[in-house]
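Listed below are the residues making up each chain.
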Amino acid sequence: MTYPKIPLAQTVIQLCKTKNIKHIVISPGSRNAPLTIGFTHDDYFKCYSIVDERCAAFFALGIAQQTQNPVALVCTSGSALLNYYPAIAEAFYSDISLVVLSADRPMEFVGIGDGQTINQEDVFVKHILYSASLNRETQEQNEMDINLALNLSIKNHGPVHVNIPFDEPLYDLVKDISVNPKEIPIEAELPTIENLEELAAVWKASKKKMVLVGVNQPNQIEQQWLDILAMDDSVIVFTETTSNLQHDAFFQSIDKLIAPLDAADFKMLQPDVLLTFGGMIVSKKVKAFLRQYKPVQHWHIDNKKANNTFFSLSHHIKASPDYFLSELLSHSKKTRSDYNSYWNTVKDYRKQKHNDYLVQIEFSDLKVFDTVLKSLPDHSVLQLGNSSTIRYAQLFDLSNTLEVFCNRGTSGIDGSTSTAIGSAVARDKQTTLVTGDLSFLYDSNALWNNYIPTNFRIIVINNGGGGIFRILPGHKNTHNFDTYFETVHDLTAEHLCKMHGFKYEMATNETELNVTLESFYDEEETPKLLEIFTPAKQNDDILLNYFKFIK
């Protein structure tokens, strides 16, 4: 086998191997040559070459999101490292394990005007679990720092940064390894729940209990605990599109239920106990409701952190949701209440009104989302873009066979396509990205990627700009609004598809859309993109009237 000659590079590579970090996303450069040589000459690693560092980082994030294991990013020195920052922030808030391995010049060359050199030490300090800057002369300390960084990324699910100075020459090779770094194992911790009896007593006594689930990986909760929650008359379970929890008795599409409520309704819905788990909450409406009509107690379950999203947090339960629910529910009894039955009646009414409205509206974003979401193949992966895409999706009950993902850590539009491609590479399942036009165009370099599976599909809903701004307060239909808020444009994805080897299809009305979707997911020799053009200025009225109609 061939190794880089520099011992520090050997150390980093060997410790990544001992921690089972297999996926390595490399952006070409010179200063990172020792790492690139080492990773690419070892068959243990699966290496990818992505030129654009911002796209590379989100691509790695997509792989890590699906595998639930750390993915390493390797870049050269200078501004290359800064392009990782959007994905690092997303990983930090979404609890996704990324390991940034940045090559650097030796310390004596930093700050003297040498080319491609910036202050790389602690550059992600506010959005990182751990940062280490290695030293060429301290092998033992380097081993400790690398172990600590990798262990934290694995255990606490988040990004870490290891900055590595390399002297020239950078490309020298050797046939034998010269280091044997010590692996420091991850310390296991047994879960413990403080005040379990007290919490169980409160749970049993409460007649209005609300469970609200944000971003959540599939298959995290045993079905028996979901069934117990579903059968309890005093419990309603609100699941967001990204929660990946399915039960006929749960309340999907939260906004559809609560948007038309008045003050008296909100008082009836106000919970005694709010139990939350999972990541960020998409629904602005449910956040506004729970901030004004606060629960008596708010418990959040998470091994790592608890956001006080509703300004009423009373207990941070440091355990996995499955473990806590098993402890709480295994010996609990159902509480008599009409809380669930009343709101199920409301839910059924809203669902009927929802269906009635969709039948009568013209071709628009809302109609398109209804059609597209129903067309998705069962047992496939759905990646959603941010902004209006995820919010429209929240209005629909999706198939319980889908796995749904969206970058909701920072809720940015910047890396949705790259993340979806990384996700598709990591899974054998059909993956479909549904995204808006601005998000897609912003991340168009994502298509500059040699690893895109042929069964990957992109659906771009092109309403000619940032349509979500049309439903927010502000003066519309002015030059200022069109230019600086909605960002009106007449760009399409057609030429990008031709350049990057995607099959391009388009639809401009309901008939074309239905015909195209009949074969869109069929096997092809290349990935495919469907661009759906909707009328920009009608979409906001149709959506706002929707909430009036379902009341």
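See the structure shown above.
Rules used throughout
- Residues numbered from 1 in each chain as written.
- Predicted model: local features only at pLDDT ≥ 70, side-chain atom pairs only at ≥ 80, totals over all residues.
- Heavy atoms only, no water.
- Axes fitted to C-alpha atoms, helices over the stretch in contact; angles between N-to-C directions.
- Helix = DSSP H or I, 4+ residues; strand = E, 2+ residues; numbered from the N terminus.
- Parallel < 35°, antiparallel > 145°, perpendicular 65-115°, else oblique.
- Left-handed = near helix turned anticlockwise from the far one by under 90°.
- Contact = heavy atoms within 4.5 Å.
- Nonpolar A, V, L, I, M, F, W, Y, C, P; charged D, E, K, R; others polar.
- Phe/Tyr/Trp six-rings, centres within 6.5 Å; stacked < 30°, edge-to-face > 60°.
- Buried < 20%, exposed > 50% of the residue type's maximum accessible area, 1.4 Å probe, protein only.
- Lys NZ or Arg CZ within 6 Å of the ring centre and 35° of its normal.
- 1 Å grid on protein atoms, 1.4 Å probe; cavity = no way out; pocket = protein on both sides within 12 Å on 5 of 7 lines; lining within 4 Å.
- Points joined across faces, edges and corners; volume = space filled by probe spheres on them.

A.B. asks: So what's going on with the packing of helix 8 (residues 223–231) against helix 12 (residues 321–329)? Which residues, and what values?
C.D. replies: What describes two packed helices is the angle between their axes and the distance between those same axes. Running from N to C, helix 8 and helix 12 point in directions that differ by 55°, and their axes come no closer than 10 Å. Here helix 8 is positioned oblique relative to helix 12, judged by the angle of their axes. At the point where helix 8 passes helix 12, the crossing takes the left-handed sense. Packed against helix 8, whose contacting residues are Trp 225, Ile 228 and Leu 229, the element helix 12 presents Asp 322, Leu 325, Ser 326 and Leu 329 at the interface. Its residues assigned to classes, the contact of helix 8 with helix 12 comprises 5 nonpolar, 1 polar and 1 charged.

A.B. asks: Describe the packing of aromatic side chains, naming the residues involved and giving the relevant values.
C.D. replies: With the rule as written, the count across this model stands at 18 aromatic pairs. Seen in terms of ring centroids, Phe 92 and Tyr 93 are 5.1 Å apart; in terms of plane orientation they differ by 85°. Their pairing is edge-to-face. On the basis of relative accessible area, Tyr 93 is assigned to the partly exposed category, the value being 33%. The structure contains a cluster of three or more aromatic residues connected by ring pairs, namely Tyr 357, Tyr 546, Phe 547 and Phe 549. The ring of Phe 251 has Lys 347 sitting right over it, with the charged end atom 4.6 Å from the ring centre. Stacked on the ring of Phe 549, the Lys or Arg Lys 353 has its end atom at 4.3 Å from the ring centre.

A.B. asks: Explain empty space enclosed by the protein to me, and be specific about the residues and the numbers.
C.D. replies: The final tally for this structure, using the stated rule, is 3 cavities of 30 Å³ or more. Considering only enclosed or pocket space, the largest cavity measures out at about 110 Å³ in volume. Taken together, 14 residues form the lining of the largest cavity, with Glu 240, Thr 241, Gln 246, Gln 252 and Leu 398 sitting closest to its centre. Taken together, the residues that form the lining of the largest cavity break down as 5 nonpolar, 8 polar and 1 charged. Roughly 50 Å³ of internal volume is contained in the second largest cavity. Every residue lining the second largest cavity is listed: Met 1, Thr 2, Tyr 3, Pro 4, Gln 10, Ile 13, Gln 14, Gly 38 and Asp 42. Looking at the lining of the second largest cavity, the elements that each hand over two or more residues are strand 1 (3–4) and helix 1 (7–18). The element best represented in the lining of the second largest cavity is helix 1, accounting for 3 residues. Taken together, the residues that form the lining of the second largest cavity break down as 4 nonpolar, 4 polar and 1 charged.

A.B. asks: Can you break down the packing of helix 3 (residues 53–67) against helix 5 (residues 85–94) residue by residue, with the values?
C.D. replies: Closest axis-to-axis distance for the helix 3/helix 5 pair is 7 Å, and the angle between their directions is 25°. Taken together, the axis directions place helix 3 and helix 5 in an arrangement best described as roughly parallel. Two secondary-structure elements touch here, helix 3 through Arg 54, Ala 57, Phe 58 and Leu 61 and helix 5 through Pro 86, Ala 87, Glu 90 and Ala 91. For the contact of helix 3 with helix 5, the class distribution of residues is 6 nonpolar, no polar and 2 charged.

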